[in-house]
Each structure stands twice: as structure tokens, then as C-alpha cells.
Amino acid sequence: MKVSRRAQVPPFAVMEVLAAANARRAAGESVLNLCAGEPSTGASEAVRRRAVDLLTAGDLGYTESMGAPALRQAVADHYGSWYGVDVTPAQVAITTGSSGGFMLAFLAAFDVGDRVALARPGYPAYKNILRSLGCEVVELDCGPDTRYQPTVSQLREAYYDGGLDGLVVASPANPTGTMIDAPGLAELAGWCEEFDVRLVSDEIYHGITYDDAAETAPTAARYLPGGAVVVNSFSKYWAMTGWRLGWLVLPDDLVGPVDALAGNVALCPPALAQHAGVAAFSDEGYAAARANVEQYAVSRRLVLDRLDELGWDRVAPADGAFYVYADISRSGLDSVTWCARLLAETGVALTPGTDFDGVAGHDWVRLSFAAAPETVSEAVDRIVAWQGTLPGAS
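Residues numbered from 1 in each chain as written. Predicted model: local features only at pLDDT ≥ 70, side-chain atom pairs only at ≥ 80, totals over all residues. Heavy atoms only, no water.

In the annotation of an unreviewed UniProt entry, the entry for the chain reads Aminotransferase, and the organism field reads Sanguibacter suaedae. The chain has a UniProt comment under Sequence similarities (unreviewed entry) that states "Belongs to the class-I pyridoxal-phosphate-dependent aminotransferase family." The UniProt entry for the chain carries the following comment under Cofactor (unreviewed entry): "pyridoxal 5'-phosphate". (UniProt positions renumbered as here; feature names shortened; annotations may be inferred.)

Here it is as C-alpha cells:
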């Protein structure tokens with residue numbers, strides 16, 4: 001039987017690494033998993049208590065397709081308290097994780113054949129979803145000279161090369177952890193407004209920063225709510241990965257289309273996660289999330305302080321999120337081989353950069369320090385010792 005061309009997207013390599021790591025752990029091996037962007041703490045006590053109450057006596061039937069009103073209100077209030085931005089509940093769509101949010105946003109905003117720009121390296125699901133929907137992905141080669149983020153000059157070149165219909169940005173970004181500062185975001189947003197290019201801002205790692213706070217698209221010049229889309233999730237800052245709960249902040253022209261699509265695609269996001277998720281915005285929920293970030297900061301420092309020992313002299317600035325993206329080409333191994341051997345010979349799981357960069361990713365790996373500091377410390381010990389055994393190690 002025929003398989004559609006749109007289904008021919010590459011698998012997410014991090015999931016393959018995770019499966020291999022889990023198989024080794026199941027076989028009794030000592031495995032340290034630094035491949036997945038998954039907080040080790042899990043949801044806060046506030047969220048879990050609320051979930052228990054709901055399972056015992058709560059109504060877990062369908063919610064509205066755009067999400068439970070109480071959660072949409074909580075998200076809108078979050079923008080006021082965190083960013084000083086006026087977002088109405090009507091602009092908020094609760095989604096099945098950020099992944100469901102991207103699918104709905106891309107379906108609503110882009111037609112088959114539309115050209116959408118994004119940074120390389122970057123989160124692979126952006127381009128894979130867009131291509132499966134028939135869009136043309138325009139990858140912008142973003143290296144250390146642009147701090148791994150797109151620039152207006154790159155957009156201008158891409159625009160005059162064939163036009164652009166959309167731009168996807170992420171700040172903090174996966175896999176690099178780099179951020180776009182307020183002037184840079186305003187410049188990108190202003191250019192998008194001038195050239196009628198839809199801006200999609202992935203803000204899933206907001207709250208997980210180590211010096212400066214991340215800027216949200218609603219603060220960028222005059223752009224939102226006139227035309228940008230914000231994508232966020234409970235998975236990272238609130239450590240609720242498996243709850244599959246995210247949200248969109250939508251411009252007015254996409255509210256109706258997303259509502260219609262959401263009802264047809266999934267009826268509604270998981271009701272238990274939605275009702276329990278309101279507790280993430282409580283004082284206790286915020287406090288637990290801040291404590292997680294303090295732990296990530298400790299783990300981050302454990303890695304950055306040992307870059308010389310690791311021999312990683314080309315590393316993206318880890319401004320936010322919980323990743324270190326590093327060049328391992330001095331090892332003489334490509335990143336897929338490097339990661340496979342590292343897992344097989346030390347039990348440490350990292351992700352090859354080929355997931356994030358189809359051009360230069362063979363030289364790069366991503367380390368996630370979302371694990372507990374003691375796990376990260378032991379993993380770095382193992383990596384340092386193992387790299388000393390490789391040919392050409394000094």
C-alpha cells in the first residue's frame with residue numbers, strides 16, 4: 001500500500017538514543033541519561049495533589065477545544081504578572097504539549113508551498129512538521145558570529161531569494177541555549193511586520209535562564225497581538241513532560257482557525273492535565289519551578305567549569321534552557337559514532353548534533369543537564385576519562 005510523501009520525515013534521533021539507553025538500563029547496566037531534555041524532578045507537589053483530587057472526585061470529561069476556561073485565564077494572568085503584557089483568555093489555546101501547539105499553529109498560519117525560515121542548528125520537529133505539511137523550509141546558517149540566532153540580514157537575503165511567509169524563532173533555543181535579547185527580538189519582529197511575515201516564537205524554555213530573563217514576543221515592538229504566535233509548554237519550566245500540556249498565545253486572526261482545527265484534531269487536550277495544570281500557577285507551583293532552575297544552574301556550572309578537561313573549546317553560549325552544545329570534532333569521530341561509543345563504553349547517553357543540524361551536526365553533540373547535579377557530575381567524570389582513551393587524546 002502507498003505511504004504518503006508527507007510521512008517521510010526523519011525520526012527524532014534523541015528518542016533512538018533514549019531507547020538504547022533504556023535498553024541498557026533494563027539489562028542492569030549503569031546508565032546516566034543526559035540525552036533528553038527532560039527535568040528529573042517531575043511535576044510539583046501542588047500539581048500532583050490536585051491530580052489526585054481530580055482522579056478521586058473530579059470531572060474529567062471533555063473540556064472546550066481551546067482548553068478549560070480556568071487554565072486559559074491562568075495563562076493569561078501569567079503574562080501579566082511575568083511580562084507586564086495584556087493577554088486575554090480568548091487569545092490562549094491550550095494544546096497537547098508544545099508539539100500539538102506547533103501542529104495547530106502551522107496548520108492555521110501556513111499553506112502548502114509557503115516558505116518558512118528557521119535557524120540551523122535548531123529543534124528538528126520545526127522543519128519536520130513544516131515539511132510534512134507541504135511547506136518549504138528555509139534554513140538559516142546560524143553560527144557563533146550570530147550567537148546561533150537568525151538575523152535581519154539573513155532574513156532579507158532569504159526574502160529576496162524567493163519570498164518568506166514565516167519565521168520560527170526560539171529563545172532560549174534548543175540545542176544551543178542561546179537567547180535573543182530585547183533589541184534583537186524587536187528588530188526581527190519589526191522586519192516581519194514590515195514584510196508581512198508570520199512570526200512564531202517558541203518560548204518553551206522561558207523561566208530557565210541564568211543571567212538575563214528571556215523576552216517574550218508580546219513585548220517586541222508593536223507586533224503582538226497583531227500577527228505573532230507564541231508557543232509554550234508546561235514540560236520544561238514546570239517539569240511536566242509526560243502530562244502533554246502546552247499553550248498558544250494567538251493573534252486575533254488565528255483564534256477561530258485554531259479553535260476549529262483543535263476540535264477536529266483532538267477534541268481537547270487531556271482533561272486531567274488541564275485541571276491539575278492550574279495549580280502550576282500557584283505560589284507553590286512557581287516556587288517549585290524556581291527551585292528546579294536553581295538545580296539546573298548548579299548542574300550547568302559543573303559542566304562549564306570542566307570544559308577544558310572535556311576538550312570542548314567550541315561551545316554555544318548556554319544562556320538558558322538546560323543544554324550544552326559542543327564541538328567534539330577534535331576526537332576524530334563523527335558525532336553519531338562518538339555518542340554510540342560513549343553510551344556503549346561508559347553508559348553515558350548524549351545526543352548527536354545531526355538531530356539539530358543536517359550540515360555540520362556531525363561535529364557537535366548536545367548534553368542535557370536537566371538531571372540531578374550528582375548525575376551530571378558523574379557523567380562528566382566518565383566522559384573526561386573516556387575521551388582520554390581516544391586516539392589523539394593529549
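Having seen the model, we can carry on.
Visitor: Got a minute to help me understand the packing of aromatic side chains in this structure?
Guide: Given two aromatic rings, their pairing is described by the distance between the two centres and the angle made by the two planes. The tally for this structure, following the rule as stated, stands at 32 aromatic pairs. Between Tyr148 and Trp364, the ring centres sit 6.2 Å apart and the planes meet at 75 degrees, which makes this aromatic pair edge-to-face. With a gap of 216 residues between them, Tyr148 in the loop between β4 (136-141) and α6 (152-162) and Trp364 in strand β12 (residues 364-368) connect regions that are remote in the sequence. Classification of Tyr148 as buried rests on a relative accessible area of 6%. Taken together, the ring pairs connect Tyr79, Trp82, Tyr83, Phe234, Tyr237, Trp238, Trp247, Phe281 and Tyr286 into an aromatic cluster. (Phe/Tyr/Trp six-rings, centres within 6.5 Å; stacked < 30°, edge-to-face > 60°. Helix = DSSP H or I, 4+ residues; strand = E, 2+ residues; numbered from the N terminus. Buried < 20%, exposed > 50% of the residue type's maximum accessible area, 1.4 Å probe, protein only.)

Visitor: Honestly, the sheet that holds strand β8 (residues 246-249) in this entry has me stumped. Any pointers?
Guide: The strands making up a sheet associate through backbone hydrogen bonding, with each pair oriented either parallel or antiparallel. Strand order in the open sheet formed by seven strands is β2-β8-β7-β6-β5-β3-β4, and the pairing between neighbours is mixed. The open sheet is flanked by β2 (92-95) and β4, the only strands paired with a single partner. Each strand of the sheet is rotated relative to its neighbour by a mean of 20 degrees, with strand direction disregarded. Across four bridges, strand β7 (residues 229-233) lies against β8 in antiparallel orientation. The residue of β8 that forms the bridge with Val231 is Leu248. Of the strands in this sheet, β2, β7 and β8 are in contact with helix α3 (residues 69-83), which crosses β2 at around 120 degrees. (Pairing = 2+ DSSP bridges. Axes fitted to C-alpha atoms, helices over the stretch in contact; angles between N-to-C directions. Contact = heavy atoms within 4.5 Å.)

Visitor: Quick question: what am I supposed to make of unusual backbone geometry here?
Guide: Among all residues save glycine, negative phi is the norm, and among peptide bonds the norm is trans. A cis amide bond, omega -5 degrees, links Ser171 with the succeeding residue Pro172. With respect to the element layout, Pro172 can be found in the loop between β5 (166-170) and α7 (182-194). Pro175 follows Asn174 through a cis peptide bond whose omega is 20 degrees. By secondary structure assignment, the location of Pro175 is in the loop between β5 and α7. With phi around 65 degrees, Tyr148 is a residue other than glycine that occupies positive phi space.

Visitor: Can you walk me through the side chain of Ser331 in this structure?
Guide: Locating Ser331 in the fold gives a position in the loop between β9 (323-327) and α12 (335-346). In terms of polar contacts, Ser331 uses its side chain to reach the backbone carbonyl oxygen of Ile328, at 2.7 Å. The residues touching Ser331, leaving out its near neighbours within four places in the chain, are Trp338, Leu390 and Pro391. (Polar contact = N/O pair within 3.5 Å; in protein donor to acceptor, adjacent residues only side chain to side chain.)

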